[in-house]
Amino acid sequence: MIESLLVANRGEIARRIIRTARRLGVRAIAVHSEADADLPFVTEADEAVCVGPANPAQSYRNTEAILAAAKNTGAQAIHPGYGFLSENADFARAVGDAGLVWVGPGADAITAMGDKINARNLMAAAGVPVAAGTTDPAGTVEAALDAAAAIGYPVMVKAAAGGGGMGMGVAVGEAALRTEYEKVRGFAERMFGDGSVLIERYFPRVRHVEVQILGLADGRVVALGERECSVQRRNQKLVEESPSPAVTPELRERFLAAAVRAGEAVGYRNAGTVECLLDPASGEFFFLEMNTRLQVEHPVTELVYGIDLVEEQLRVAAGLPPSFDPGALTARGHAIELRINAEDPKRFLPGPGAVTTWVEPTGEGVRVDAGYVAGNTVTPFYDSLMAKLIVYGADRAQALERARAAVAGFEVVGPKCNLPFFAELLDNAEFVSGDYDTGIVGRMR
């Protein structure tokens, strides 16, 4: 096993990785910005290094500072968590060039799946279903219009280099497409340094379902069930659950087989997620993208399968076999994750501030992965995620019951918080029925 691990991230995910590292006897090293010096992940690490000011470009995305911290602390490996540098192929290569172990997929796989158009083409060649769309970037608005005419309106306009729900728009006709094309292209150039635009079929009513995969050290790719991610605001997830209420055993078999093919097509190693859109009317599903990292929502898979995905990541990176028998994977029960954000529960606008009260719920089947405690400050420099509330039950009904109790028992005072939204959602008839889609939040608001 790896002996020392630098965690190139912050907040709840850094704290969660450190927890597994210390359980395994791995020395855990944190890097942090000046703004995060007092957060729990810093104090809980065996060693911590400040890598720069609050601005992420000068700290958590500062590859030179992070590699220097790894060298100076004697770290053997680097775990990037999610966000920041986790899907940066150049950083993954730099880690290897520095003689360190990268806890994630290879740089080639990150590159192959990082461009949505290239990823779509690879998946189609591998026999993974993809929605109708462009196989090359729409370099002009005229090319976009031609593509939309062939696909049929409405269409989705997407940044080819985008991710995390950013850089997308829907066009219902030619005028809207002209507007959305320029908007998405401009956003993509500013945010990703790549203005390439993809046009693909848009589904007015759709569910977002993803499959957790793990590429093992021996070359095999295994699928660890699916997660439902359809509760979203601004195309960004708020709630995840496993298994999906929409997936039948037959559909699950097809989902998992397609996800394994996707991983095999790029020689995938370590943890990753194959994200798909599911048309509930037809039962068809289509490849959306592949996230070449650990996902925010990985805990629901951990609870349903009884494994520690971070431990499995470390084992793969070290060339070790998994701790479980891949041929005997069995899902049990139901898990739901709620993303506790520092944001207005009505309009979902960020609301940072000092945390004066922080009381976490307890009880059977309740897990909290938190990045903050009372006395900390949620600053405006980073994502608004404060914690993840995960509940587990023998079935979905019990998980919902435990989720309601846990939300009622979670107290956060200081920053704005979306807990009231979850209290509303957990009593929403559409959500409780399990027959919901990505438009549910809009219908609630």
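Since we're looking at a predicted model, the values are computed, not measured. (Residues numbered from 1 in each chain as written. Predicted model: local features only at pLDDT ≥ 70, side-chain atom pairs only at ≥ 80, totals over all residues. Heavy atoms only, no water.)

## Thoughts on the sheet that holds strand β3 (residues 47–52)
Thought 1: Across the sheet, which stays open at both edges, the five strands sit in the order β3-β2-β1-β4-β5 with parallel pairing between neighbours. Edge strands, defined here as strands with exactly one partner in the open sheet, are β3 and β5 (101–102).
Thought 2: As paired strands, strand β4 (residues 77–79) and β5 are joined by two bridges and run parallel to one another. Looking at β5, one finds that Ala77 is bridged to Val101. (Pairing = 2+ DSSP bridges. Helix = DSSP H or I, 4+ residues; strand = E, 2+ residues; numbered from the N terminus.)

## A look at the pairing of strand β14 (residues 334–341)
Thought 1: Burial within β14 is extensive, with eight of its eight residues counted as buried.
Thought 2: Burial along β14 is two-sided: the face carrying His334, Ile336, Leu338 and Ile340 and the face carrying Ala335, Glu337, Arg339 and Asn341 are both buried.
Thought 3: Of the strand pairs in this sheet, strand β11 (residues 236–242) and β14 are connected by four bridges, and their pairing is antiparallel. Counterpart to Ser242 in the pairing with β14 is Ala335.
Thought 4: Bridge analysis of β14 against strand β19 (residues 385–393) gives eight bridges, and the strand direction is antiparallel. What sits directly across from His334, in β19, is Gly393. (Buried < 20%, exposed > 50% of the residue type's maximum accessible area, 1.4 Å probe, protein only.)

## Notes on the environment of Phe255
Thought 1: Take Phe255: it is sitting in helix α9 (residues 249–265).
Thought 2: Taking the relative accessible area as the measure of exposure, Phe255 reaches 1% and is therefore buried.
Thought 3: Sequence spacing of Phe255 and Ala331 is 76 residues, and the spatial spacing of their C-alpha atoms is 15 Å.
Thought 4: Not counting residues within four places of it along the chain, the set of residues in contact with Phe255 comprises Val209, Val211, Val247, Cys276, Leu278 and Phe285. (Contact = heavy atoms within 4.5 Å.)

## A look at the side chain of His298
Thought 1: Within the secondary structure, His298 sits in helix α10 (residues 298–305).
Thought 2: Apart from residues lying up to four places away in sequence, His298 is in contact with Ile13, Arg16, Arg227, Leu309, Arg367 and Lys388.

## Re unusual backbone geometry
Thought 1: Across the junction of Tyr153 and Pro154, the peptide omega takes the value 0°, indicating a cis bond.
Thought 2: With respect to the helices and strands, the residue Pro154 is situated in the loop between α7 (141–151) and β6 (155–159).
Thought 3: For Phe84, which is not a glycine, the phi torsion comes out positive at approximately 45°.
Thought 4: Along the polypeptide, Phe84 turns up in the loop between β4 and α4 (89–97).
Thought 5: In this structure, Asn270 takes a positive phi of about 80° despite not being glycine.
Thought 6: Position of Asn270 relative to the elements: it lies in strand β12 (residues 270–279).

## What to know about the packing of aromatic side chains
To describe a pair of aromatic rings, one takes the distance between the centres and the angle between the planes.
Thought 1: One pass over the full model with this rule turns up twelve aromatic pairs.
Thought 2: Centre to centre, the rings of Phe255 and Phe285 are 4.2 Å apart; their planes meet at 25°, and the pair counts as stacked. Of the two residues, Phe255 is situated in helix α9 and Phe285 in strand β13 (residues 284–291); the sequence distance between them amounts to 30 residues. There is no split in this pair, since Phe255 and Phe285 are both buried.
Thought 3: Positioned above the aromatic ring of Phe431 is the side chain of Arg396, whose terminal nitrogen or guanidinium carbon lies 5.1 Å from the ring centre. (Phe/Tyr/Trp six-rings, centres within 6.5 Å; stacked < 30°, edge-to-face > 60°. Lys NZ or Arg CZ within 6 Å of the ring centre and 35° of its normal.)

## Considerations on the pairing of strand β9 (residues 207–215)
Consecutive side chains of a regular strand alternate in pointing toward one face of the sheet and then the other.
Thought 1: Extensive coverage of β9 is indicated by the burial of nine of its nine residues.
Thought 2: What you see with β9 is no split at all: Arg207, Val209, Val211, Ile213 and Gly215 on one side and His208, Glu210, Gln212 and Leu214 on the other are buried throughout.
Thought 3: Here β9 runs beside β12; their pairing, made up of nine bridges, is antiparallel. Within β12, the residue paired with Leu214 across the bridge is Ala271.
Thought 4: Two strands pair when backbone bridges link them, and β9 and strand β10 (residues 221–233) are joined in this way by six bridges, in the antiparallel orientation. Bridge pairing links Leu214 to Val222 in β10.
Thought 5: Taking the residues that link successive antiparallel strands as the turn, the β9-β10 hairpin has five residues, and the phi of Gly219 there is positive, at about 100°.

## Overview of the sheet that holds strand β7 (residues 168–171)
Thought 1: In space, the three strands of this open sheet follow the order β7-β6-β8, with antiparallel pairing throughout. Two strands close off the open sheet at either side, each with one partner strand: β7 and β8 (197–201). Each strand axis lies, on average, 25° off the axis of its neighbour in the sheet, ignoring direction.
Thought 2: Strand contacts of helix α6 (residues 116–125): β6 and β8, with the helix running at about 45° to β8, the strand carrying the most contacts.
Thought 3: Contacts between α7 and the sheet are confined to β6 and β8, with β8 contributing the most and set at about 15° to the helix. (Axes fitted to C-alpha atoms, helices over the stretch in contact; angles between N-to-C directions.)

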